[in-house]
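# Reading the structure
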Amino acid sequence: MQIDLSTKILNIRLSNPTILASGVMGVSGAACVYAAKKGAGAIVPKSLGPKEREGHANPVLVEFDKGFLNAVGLPNSGVDNSLGEIEFAMKNAGVPVFPSLFGGTKEEFGYVAERLSTLNPQMLEINLSCPNTASDFGEAFALNEKAAAEVIRIVKSKTKVPIIAKLAPNVPDIKKVARAVVEAGADAISAINTMPGMVINVDVARPVLHNRQGGVSGPALKPVAVNCVYEIHKAVKVPIIGIGGVTTGEDAVEFIMAGACAVEIGTGIYYRGIDVFRKVTAEMEEIMQRNGYSSIKEMVGAAHK
Ligand SMILES: Cc1cc2nc3c(=O)[nH]c(=O)nc-3n(C[C@H](O)[C@H](O)[C@H](O)COP(=O)(O)O)c2cc1C
């Protein structure tokens, strides 16, 4: 059987449904191009903020038995210093590049979106998992549907580029956040960012990460993420990109059957190397062959019946 592994997000065609997730390796333009040459169907570079930011002190990353915990703290050189890197990636990757952005206030999100839009990307991913510096406890935008919707509304007013709202899992009902961001104008949703976690070194009785808390990624996150995608698919009609622990073709197919039209891969690179995109795509093809699916479209949301 002839199998078509291409997929579409809005009107953007990807030759395969694997996308490099933000922050894991696409920090420079060259790294983004490398991931694309190694088989990623699209690229989301590291999130950019309004100004240069150092991030947290080391250690920022620790492996545990089913994944990783990180608290890198969004280090980046600021949007204005980074436009050249993004432009390099867009010119040389040969696949769609969706720049990612964050802010500490909704106005900062608007500013970064406006600056990135000067490069005319096909989409922008809005990382809503950063602290809202205007809220009492610095709660992340993604944890409050009103704050998340306000960010999306202001970004929409500053750009004509379609936007992906990237959601967080640690909310009581992700359907509510999904509906709020779509009503505010999000063209697509990606889910999920990392989940709060901690690893403690028992010999020194201290959390391992300097920041103490971090975000869980990798296989431990996958069932949580698949469930989020399933719930979001029930709530809204926009395209969904699944993220969280995709390491094999079977993982990717699970997300697609839950309702995603593509998946992002981050921590999977640590486990399977940069060839993870090609490996996952080949394994998906084998699963599709075995189960009689000839296109990605036929599988989207298949688990809802
Ligand atoms: C080291 C590291 C850095 C990350 N940096 C970002 C970031 O800058 N922006 C963002 O939206 N997500 C960031 N993430 C979250 C990933 O994009 C992704 O949502 C999460 O890791 C789950 O996917 P995975 O299990 O495939 O890694 C980061 C994850 C890791 C592990």
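Here, the structure is the one placed above.
Now for a look at the structure at hand. (Residues numbered from 1 in each chain as written. Predicted model: local features only at pLDDT ≥ 70, side-chain atom pairs only at ≥ 80, totals over all residues.)

Here we take up the overall build of the protein chain. A tally of helices and strands in the protein chain yields 10 helices and 16 strands. For 305 residues, the compact-globule estimate of 2.2 N^0.38 gives 19 Å, and the protein chain sits close to it at 18 Å. Here the C-alpha coordinates of the protein chain stretch approximately 55 × 50 × 40 Å along the principal axes. Looking at the protein chain as a whole, 52% of its 305 residues qualify as buried. Across the protein chain, the fraction of contacts at a sequence separation of at least 24, relative to all contacts at a separation of at least 6, is 70%. (Helix = DSSP H or I, 4+ residues; strand = E, 2+ residues; numbered from the N terminus. Rg over C-alpha atoms; globule rule 2.2 N^0.38 Å. Buried ≥ 20, exposed ≤ 12 C-beta atoms within 10 Å, placed from the backbone. Contact = placed C-beta atoms within 7 Å.)

Here we come to the packing of helix α7 (residues 249–258) against helix α9 (residues 276–291). Between α7 and α9, the shortest axis-to-axis distance is 7 Å and the interhelical angle comes to 65°. Overall, the two elements α7 and α9 adopt an arrangement that is roughly perpendicular. Crossing hand, α7 versus α9: right-handed. Here α7 contributes Gly249, Glu250, Ala252 and Val253 to the contact with α9, which in turn contributes Val280, Ala282, Glu283, Met284, Glu286 and Ile287. Taken together, the residues of the contact of α7 with α9 sort by class into 6 nonpolar, 1 polar and 3 charged. (Axes fitted to C-alpha atoms, helices over the stretch in contact; angles between N-to-C directions. Parallel < 35°, antiparallel > 145°, perpendicular 65-115°, else oblique. Left-handed = near helix turned anticlockwise from the far one by under 90°. Nonpolar A, V, L, I, M, F, W, Y, C, P; charged D, E, K, R; others polar.)

What follows is about the site of the ligand. Lining the immediate surroundings of the ligand are 27 residues, of which Gly23, Ser47, Ser217, Gly266 and Thr267 lie closest. Class assignment for the residues of the shell around the ligand results in 10 nonpolar, 15 polar and 2 charged. (Near = placed C-beta within 6 Å.)

Let us now look at the pairing of strand β8 (residues 124–127). On β8, burial covers both faces: Leu124 and Ile126 on one face and Glu125 and Asn127 on the other are all buried. Sheet analysis places strand β7 (residues 100–101) next to β8, joined by 2 bridges and oriented parallel. Each residue of the ladder has a partner; that of Ser100, found in β8, is Glu125. On the question of chirality, the crossover connecting β7 to the parallel β8 by way of helix α3 (residues 106–117) is right-handed. Both β8 and strand β9 (residues 163–167) contribute to a ladder of 4 bridges, which runs parallel. Within β9, the residue paired with Asn127 across the bridge is Lys166. With respect to chirality, the unit in which β8 leads through helix α4 (residues 145–158) into the neighbouring parallel β9 is right-handed. (Pairing = 2+ DSSP bridges. Right-handed = clockwise from strand over helix to strand, strands pointing away.)

Reading across the sheet, the 4 strands line up as β5-β6-β14-β11 and stay open at both edges, with antiparallel pairing between neighbours. Of all strands in the sheet, those bounded by a partner on one side alone are β5 (61–64) and β11 (195–197). Recorded for the sheet is a direction-independent mean angle of 35° between the axes of neighbouring strands.

For the rest of this paragraph, the subject is helix α6 (residues 222–235). For α6, spanning 14 residues, the distance from its first C-alpha to its last is 20 Å, which sits close to the expected 20 Å at 1.5 Å a residue. Here α6 has its buried residues at Lys222, Ala225, Val226, Cys228, Val229, Tyr230, Ile232 and His233. For α6, the secondary structure elements touched by its buried residues are α5 (174–183), β10 (188–191), β15 (240–243) and α7. (Expected span 1.5 Å × (residues − 1).)

Hydrogen bonds along the backbone pair up the strands of a sheet, which may run parallel or antiparallel. Reading across the sheet, the 8 strands line up as β4-β3-β16-β15-β10-β9-β8-β7 and stay open at both edges, with parallel pairing between neighbours. The sheet is open, and its two borders are formed by β4 (42–43) and β7, each paired with just one other strand. Strand direction decides the pairing type here: strand β3 (residues 18–20) and strand β16 (residues 262–265), joined by 3 bridges, are parallel. When the bridges of β16 are listed, Thr18 appears paired with Val263. Along the sheet, α6 makes contact with β10 and β15, crossing β15 at roughly 165°.

Let us now look at the nonpolar core. Counting 101 residues, the largest nonpolar core has Ile43 and Val181 as the members making the most contacts within it. When residues no more than four places from it in sequence are discounted, the contact partners of Ile43 are Ile19, Leu20, Gly26, Cys32, Ala35, Ala36, Ala89, Ala93, Val95 and Val97. (Core = buried A, V, L, I, M, F, W, Y, C linked by C-beta atoms within 7 Å.)

It is worth spelling out the packing of α5 against α6 at this point. With their axes 9 Å apart at the nearest point, α5 and α6 run at an angle of 50° to one another. Of the possible angle classes, the one that applies to α5 and α6 is oblique. Here α5 runs over α6; the crossing is right-handed. Contacts between α5 and α6 involve Ile174, Lys175, Ala178 and Arg179 from the first element and Cys228, Glu231, Ile232, Lys234 and Ala235 from the second. For the contact of α5 with α6, a count of residues per class yields 5 nonpolar, no polar and 4 charged.

Bringing helix α1 (residues 29–37) into the picture now. Every buried residue of α1 is listed here: Gly29, Cys32, Val33, Ala35 and Ala36. When α1 is viewed along its axis, its buried side chains cluster within an angular range of 160° and face the same direction. Phi turns positive, to about 115°, at Gly39, one or two residues after α1. (Arc of directions from axis to C-beta.)

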